[in-house]
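If you want the building blocks of each chain, they are given just below.
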Amino acid sequence: MSKKRVLVTGGAGFLGSHLCERLLNDGHDVICLDNFFTGTKGNVVHLLNNPFFELVRHDVIAPYYAEVDEIYNLACPASPIHYQYNPIKTVKTSVMGAINMLGLAKRVKAKILQASTSEVYGDPLVHPQPEEYWGNVNPIGKRSCYDEGKRCAETLFMNYHYQNDVRIKIVRIFNTYGPRMKEADGRVVSNFIIQALRNEDIAVYGDGLQTRSFQYVDDLVEGLIRMMATDDSLTGPINLGNPTEFSILELAQKVIELTSSKSKIVFEPLPSDDPIQRQPNIDRAKALLAGWEPQIQLEDGLRKTIDYFKSTL
Ligand code: NAD
Ligand code: UDP
Ligand code: UDP
């Protein structure tokens, strides 16, 4: 495989740091660009000694110039408490960030992949969600800065492709978990593990019967790499997620079991616009990404994530 110069925006975040690691292991030259809003130097500190790794503090809202072959555009806060902290900034990050990275891709003729999200389906009325589904998004709801920002980014990607022949790839990522999730970002897997390790009450929002399907980070990274390697004619969007569905209550029980915790489950109000069901249809990914499919079962992934939080708490 030839050595490529790869730019990863949001590279110091949870998913980005795993992707940088993988790209370096595959022998590439990596620029990790991040404004450290939710990402940290700590997530990539173990890569800093590698001469093929560069860490750049930069905000994707501003133009960026470099000669690269591939761009993975991951910059954007991903958890509700962070993306709702400054919703205008979240929209700017998705929209202006996409414009700048697409402008860069156009100028240097790089291939560019957008980390889109299952949130483009909103509170879906179709279940599980295939890529053809247009979604059910509230344009003025609390989640809209994220959902609509990501939808607009997809629009920009498609139009830079049609209008300027930019080689684009769009993947819609479903809930992903693993080591380096942020401790305080409010996402369900990290919240439950931390509460369980501290023997605190585990707070399930609503009745806990809402479902999610949880993908382990290594499976996602494999999907991103395979997507980037596809033929130029394949733009996506392609769903990347683990279709095995669990209720939030089942997740809480599993975490308690795996940590041998004394925690009790308590119920708290459900946040507004909280989707009731979410499950990817991954037929396209399986067919088009050389048989890609998640390999890591929830229990194994949870164990690895629990070990990580044990070492950091
Ligand atoms: P994260 O918050 O850990 O990572 C996002 C990174 O982007 C952080 O390092 C942050 O500092 C950086 N960033 C934010 N705004 C920026 C800006 N304006 N300029 C430069 N850098 C900026 O979240 P994550 O879970 O690693 O998510 C990465 C990407 O994947 C996001 O685009 C997110 O929308 C997408 N995604 C994640 C999930 C998931 O379950 N984790 C699901 C769907 C989509
Ligand atoms: N851009 C960038 N790096 C580049 C080339 C462009 O950040 O190497 C930015 C540029 O500043 C502009 C955006 O990408 O804001 C869109 O670029 P495009 O070429 O599509 O449009 P234009 O340059 O005409 O605004
Ligand atoms: N959730 C919960 N307790 C928590 C955090 C989240 O019950 O401490 C629920 C939340 O209401 C949602 C699900 O778990 O129904 C997944 O939440 P998360 O924020 O992780 O992901 P998203 O809603 O973005 O899919």
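Residues numbered from 1 in each chain as written. Chains lettered and ligands numbered in written order. Predicted model: local features only at pLDDT ≥ 70, side-chain atom pairs only at ≥ 80, totals over all residues.

The name given to the chain in an unreviewed UniProt entry is UDP-glucuronate decarboxylase, with Acetobacteroides hydrogenigenes as the source organism. Note on the chain: under the UniProt heading Subcellular location (unreviewed entry), the record states "Cytoplasm". Taken directly from UniProt, the Cofactor (unreviewed entry) text for the chain runs: "NAD(+)". (UniProt positions renumbered as here; feature names shortened; annotations may be inferred.)

Participant: Quick one: what's the story with the overall build of the chain, residue by residue and with numbers?
Facilitator: On a plain count of helices and strands, the chain comes out with 9 helices and 13 strands. Considered along the principal axes of its C-alpha atoms, the chain spans approximately 55 × 45 × 40 Å. The 313 residues of the chain split such that 44% are buried. (Helix = DSSP H or I, 4+ residues; strand = E, 2+ residues; numbered from the N terminus. Buried ≥ 20, exposed ≤ 12 C-beta atoms within 10 Å, placed from the backbone.)

Participant: Give me the nonpolar core: which residues, what numbers.
Facilitator: In this structure, V8, C32, I71, L102, I112, V171 and F192 are the most contacted members of the largest nonpolar core, which totals 74 residues. Not counting residues within four places of it along the chain, the set of residues in contact with I112 comprises I71, N73, M101, L102, A105, V166 and I168. (Core = buried A, V, L, I, M, F, W, Y, C linked by C-beta atoms within 7 Å. Contact = placed C-beta atoms within 7 Å.)

Participant: Could you give an account of the site of ligand 3, with specific residues and numbers?
Facilitator: Every one of the 15 residues lining ligand 3 counts as a neighbour, but R187, V188, N191, V204 and Y205 are closest to it. Here the residues of the shell around ligand 3 are counted per class, giving 8 nonpolar, 4 polar and 3 charged. (Near = placed C-beta within 6 Å. Nonpolar A, V, L, I, M, F, W, Y, C, P; charged D, E, K, R; others polar.)

Participant: An account of the site of ligand 2 is requested, with residue identities and associated values reported.
Facilitator: Residues in contact with ligand 2, as listed here, are P63, Y64, Y65, I99, N100, G103, L104, K106 and R107. Its residues placed into classes, the shell around ligand 2 shows 5 nonpolar, 2 polar and 2 charged.

Participant: Explain the environment of F214 to me, and be specific about the residues and the numbers.
Facilitator: If you trace the backbone, F214 turns up in the loop between β9 (211-213) and β10 (215-216). Measuring from C-alpha to C-alpha, the distance between F214 and G301 comes to 9.3 Å, with 87 residues separating the pair along the chain.

Participant: Describe the environment of M101, listing the residues and the values that go with them.
Facilitator: Among the secondary structure elements, M101 is positioned in helix α3 (residues 87-108). In this structure M101 touches T9, V60, I71, N73 and I112, once residues within four positions along its chain are discounted.

Participant: Explain the packing of helix α7 (residues 248-259) against helix α9 (residues 298-312) to me, and be specific about the residues and the numbers.
Facilitator: For the pair α7 and α9, the least separation of the axes is 11 Å and the interaxial angle reads 60 degrees. The angle between α7 and α9 falls in the class oblique. When the axes of α7 and α9 are compared, the crossing they make is right-handed. Contact with α7, carried on its side by K254, V255, L258 and T259, involves L298, E299, L302, R303 and I306 of α9 and no other residues of that element. Residues of the contact of α7 with α9, tallied by class, amount to 5 nonpolar, 1 polar and 3 charged. (Axes fitted to C-alpha atoms, helices over the stretch in contact; angles between N-to-C directions. Parallel < 35°, antiparallel > 145°, perpendicular 65-115°, else oblique. Left-handed = near helix turned anticlockwise from the far one by under 90°.)

Participant: So what's going on with unusual backbone geometry? Residues and values would help.
Facilitator: Negative phi values dominate among residues other than glycine, just as trans dominates among peptide bonds. Note that the residue after H127, namely P128, is joined by a cis bond; omega there is -10 degrees. Within the secondary structure layout, P128 lies in the loop between β5 (111-117) and α4 (144-164). Of note, the amide linkage connecting G236 to P237 takes the cis form, showing an omega dihedral of 5 degrees. Tracing the backbone shows P237 in the loop between α6 (217-228) and β11 (238-240). The backbone of N199 sits at a positive phi, close to 55 degrees, despite the residue not being glycine. Inspection of the secondary structure assignment puts N199 in the loop between α5 (188-197) and β8 (202-205). The class for N199 is partly exposed, based on 13 C-beta atoms found within 10 Å. We note that A290 has phi near 50 degrees; this positive angle belongs to a residue other than glycine.

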